[in-house]
Amino acid sequence: MSGNKNGRGQAEIMEEKMKAIVYTEYGPPDVLKLKEVEKPVPRDNEILVRVHAASVNYGDILARNFKEISPRKFNMPLLFWVFAKLLFGVRKPKTTILGNEFAGEVEAAGKAVKRFKVGDPVFGYRGQSMGAYAEYLCMPENGAVAIKPAAMSEEEAAVAPYGAIMALYLLRKQDIRPGQKVLVNGASGGIGSAAVQLARHYGAEVTGVCGAPGQDYVKSLGADKVVDYGKEDFTNSGEIYDLIFDILGKSSFSRCKNSLSPNGRYLRASFKTRELWQMLWTAMKGGKRVICLLAPGNLEDLLSVRELIEVGKIKTIVDRRFPLAQAVEAHRYVELGQKKGSVAIIVEERR
Ligand SMILES: NC(=O)c1ccc[n+]([C@@H]2O[C@H](COP(=O)([O-])OP(=O)(O)OC[C@H]3O[C@@H](n4cnc5c(N)ncnc54)[C@H](OP(=O)(O)O)[C@@H]3O)[C@@H](O)[C@H]2O)c1
């Protein structure tokens, strides 16, 4: 057998396989298949993480189904859609393993890695690189990966990073003061559930808006009031808010204007070119403002999220857990729109 620079034979290297959920075509949940693929090898600046849990969130559903997402259906400006199309793959997915957040354990570390050692429990966010529906993944040590909060189980930690780092980045720029009134439109989702908790942490009185299934869940996150968008339009309630955080952009500035205080802000996590113009115009005019922001999803924010988790300011609730082999069922369940919390994919049970 011929050796290589690690002193291992070619046949041995070839044998290093792992299980992963792979999709090679866009479409419904059934496109997700359990397969054996090559196990990744960490570079000098990377850690190899043995994944214990991942999640099914907005990004996974969007990426799996991207062929159906026209510029109109896409929640961002046309140019972003073009970039996303090139990034995800025009006809078929370029990145074939989904999963943008995870918790697991460091299995190996490249020789330049200083922040982690073998055996460290970690959690992290991979953004569009995805890859967490697999037994192993590699993360650069300066990527969005950190020691898992001790206060959380692995599955709770696996569903935390995405929503919390997005909500934290967008909300901490808003200077929310104690006693202010904040409305979160989309409060039961990944970003919204963290936004409700963060706004409460900043001392605001919080109203959460979501569908009927999520009402109790949003209350359990600390919302002072919960509105069912199927029964009531919050813009007709006569309530006035200092901040309306519209996550999916289901409302609009023109509809929310009368529900904003004189210097109130209408914050969008997803926006089109129209909202960008509104942001520019309202910034010049003063008074009620539109704000559109993109979060980078970086290590700094993940570390802040970990601190907030450790002091009990952010929690996650796992509604359902599915083993890796049942990723199809997990995606189907999320698409039903009935979840009351997050959905975790358990890649490997802790022994
Ligand atoms: N700005 C950034 O940096 C950034 C980063 C990542 C993502 N995003 C954007 O964030 C959005 C995804 O957020 P997410 O992950 O939190 O989504 P998500 O987990 O799918 O949650 C969506 C939320 O919206 C609610 N909702 C659905 N229809 C609604 C309606 N008509 N009125 C009010 N609420 C409604 C849902 O409630 P029910 O489940 O009860 O229907 C749920 O609470 C996308 O638009 C994405 O583009 C922005």
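Everything numeric here is computed off the predicted structure, so don't read it as measured data.

1. A look at the overall build of the protein
Then step 1. Helices and strands together make up the secondary structure of the protein, namely eleven helices and 15 strands.
Then step 2. Taking 20 Å as the expected radius of gyration for a compact globule of 351 residues, we find that the protein reaches 21 Å, a close match to that expectation.
Then step 3. For the protein, the C-alpha atoms occupy an extent of roughly 75 × 45 × 40 Å along the three principal directions.
Then step 4. A separation threshold of at least 6 residues defines the contact pool for the protein, and within that pool the share at least 24 residues apart is 67%.
Then step 5. A total accessible area of about 16700 Å² is found for the protein, and carbon and sulfur atoms account for 52% of it.
Then step 6. Of the side-chain charges in the protein, 51 are positive and 40 negative, and the distance between the mean point of each set is 6 Å.

2. Notes on the site of the ligand
Then step 1. The full set close to the ligand counts 24 residues, and Asn75, Tyr162, Gly211, Tyr229 and Ala295 are the nearest of them.
Then step 2. Residue Ala269 places a main-chain N or O atom 2.8 Å away from a nitrogen atom belonging to the ligand.
Then step 3. In the environment of the ligand, a nitrogen atom lies 2.7 Å from a nitrogen or oxygen atom belonging to the backbone of Leu293.
Then step 4. For the ligand, whose free accessible area comes to 940 Å², the fraction covered by protein is 82%.

3. A short note on the nonpolar core
Then step 1. Grouped together as the largest cluster of nonpolar side chains are 64 residues, with contacts concentrated most on Phe66, Phe102 and Tyr133.
Then step 2. The next biggest cluster of nonpolar side chains, apart from the first, holds 52 residues, and it includes Ala160, Leu171, Leu267 and Ala344.

4. Overview of the confidence of the model for the protein
Then step 1. Mean pLDDT over the protein: 94, with 95% of residues reaching 70 or higher.
Then step 2. This model gives residues 1-13 a pLDDT under 50, and the stretch forms ten contacts once residues within four places in sequence are excluded.

5. Some remarks on helix H11 (residues 327-336)
Then step 1. Three or more residues of H11 are buried, namely Ala327, Val328, Ala330, His331, Tyr333 and Val334.
Then step 2. On the buried face of H11, the contacting elements are strand S1 (17-22), helix H2 (58-64), strand S14 (318-323) and strand S15 (342-346).
Then step 3. Gly337, located one to two residues past H11, shows a positive phi value of around 75°.

6. A short note on the packing of aromatic side chains
Then step 1. Counted under the stated rule, the structure contains seven aromatic pairs.
Then step 2. Centre to centre, the rings of Phe66 and Phe88 are 4.8 Å apart; their planes meet at 70°, and the pair counts as edge-to-face. Residue Phe66 is located in the loop between H2 and helix H3 (78-88), and its partner Phe88 is located in helix H3; the two are separated by 22 residues in the primary sequence. Across the pair, Phe88 and Phe66 agree in class, each one buried.
Then step 3. One residue, Lys39, lies across the ring of Tyr136, its end atom 4.3 Å from the ring centre.
Then step 4. Lying across the ring of Tyr333, Arg320 places its NZ or CZ 4.2 Å from the centre.

7. Things to note about the sheet that holds strand S9 (residues 205-210)
Then step 1. An order of S10-S9-S8-S11-S12-S13 is seen for the six strands of this open sheet, with the pairing classed as parallel. Both edges of this open sheet fall to strand S10 (225-228) and strand S13 (289-292), since each of them pairs with a single strand only. In this sheet, neighbouring strand axes are inclined to one another by 20° on average, regardless of whether the strands run parallel or antiparallel.
Then step 2. Two elements, strand S8 (residues 181-185) and strand S11 (residues 241-246), share four bridges in a ladder whose sense is parallel. Opposite Val182, over in S11, you have Leu243 as the bridge partner.
Then step 3. Sheet contacts for helix H9 (residues 273-285): strand S12 (260-268) and S13; angle to S13, the most-contacted strand, approximately 135°.

8. Comments concerning the pattern of salt bridges
Then step 1. According to the stated counting rule, one finds 18 salt bridges in the structure shown.
Then step 2. Across the salt bridge formed by Arg64 and Glu335, the nearest N and O atoms sit 2.7 Å from each other. Here Arg64, found in helix H2, pairs with Glu335, found in helix H11; they are 271 residues apart in sequence, far enough to count as distant.
Then step 3. What makes Glu335 partly exposed here is its relative accessible area of 39%.
Then step 4. Here Arg268 ties to Glu275 by a salt bridge, and the two come within 3.5 Å at their closest N and O atoms. Each member of the pair Arg268 and Glu275 is classed as buried.

What counts, and where the lines are drawn
Residues numbered from 1 in each chain as written. Predicted model: local features only at pLDDT ≥ 70, side-chain atom pairs only at ≥ 80, totals over all residues. Heavy atoms only, no water. Helix = DSSP H or I, 4+ residues; strand = E, 2+ residues; numbered from the N terminus. Rg over C-alpha atoms; globule rule 2.2 N^0.38 Å. Contact = heavy atoms within 4.5 Å. Areas by Shrake-Rupley, 256 points an atom, 1.4 Å probe, with all protein chains shown as cover. Lys, Arg positive; Asp, Glu negative; His and termini not counted. Charge placed at Lys NZ, Arg CZ, Asp CG, Glu CD. Near = heavy atom within 4 Å. Polar contact = N/O pair within 3.5 Å; in protein donor to acceptor, adjacent residues only side chain to side chain. Core = buried A, V, L, I, M, F, W, Y, C linked by side-chain atoms within 4.5 Å. Buried < 20%, exposed > 50% of the residue type's maximum accessible area, 1.4 Å probe, protein only. pLDDT = per-residue confidence, 0-100. Phe/Tyr/Trp six-rings, centres within 6.5 Å; stacked < 30°, edge-to-face > 60°. Lys NZ or Arg CZ within 6 Å of the ring centre and 35° of its normal. Pairing = 2+ DSSP bridges. Axes fitted to C-alpha atoms, helices over the stretch in contact; angles between N-to-C directions. Salt bridge = Lys/Arg side-chain N within 4 Å of Asp/Glu carboxyl O.

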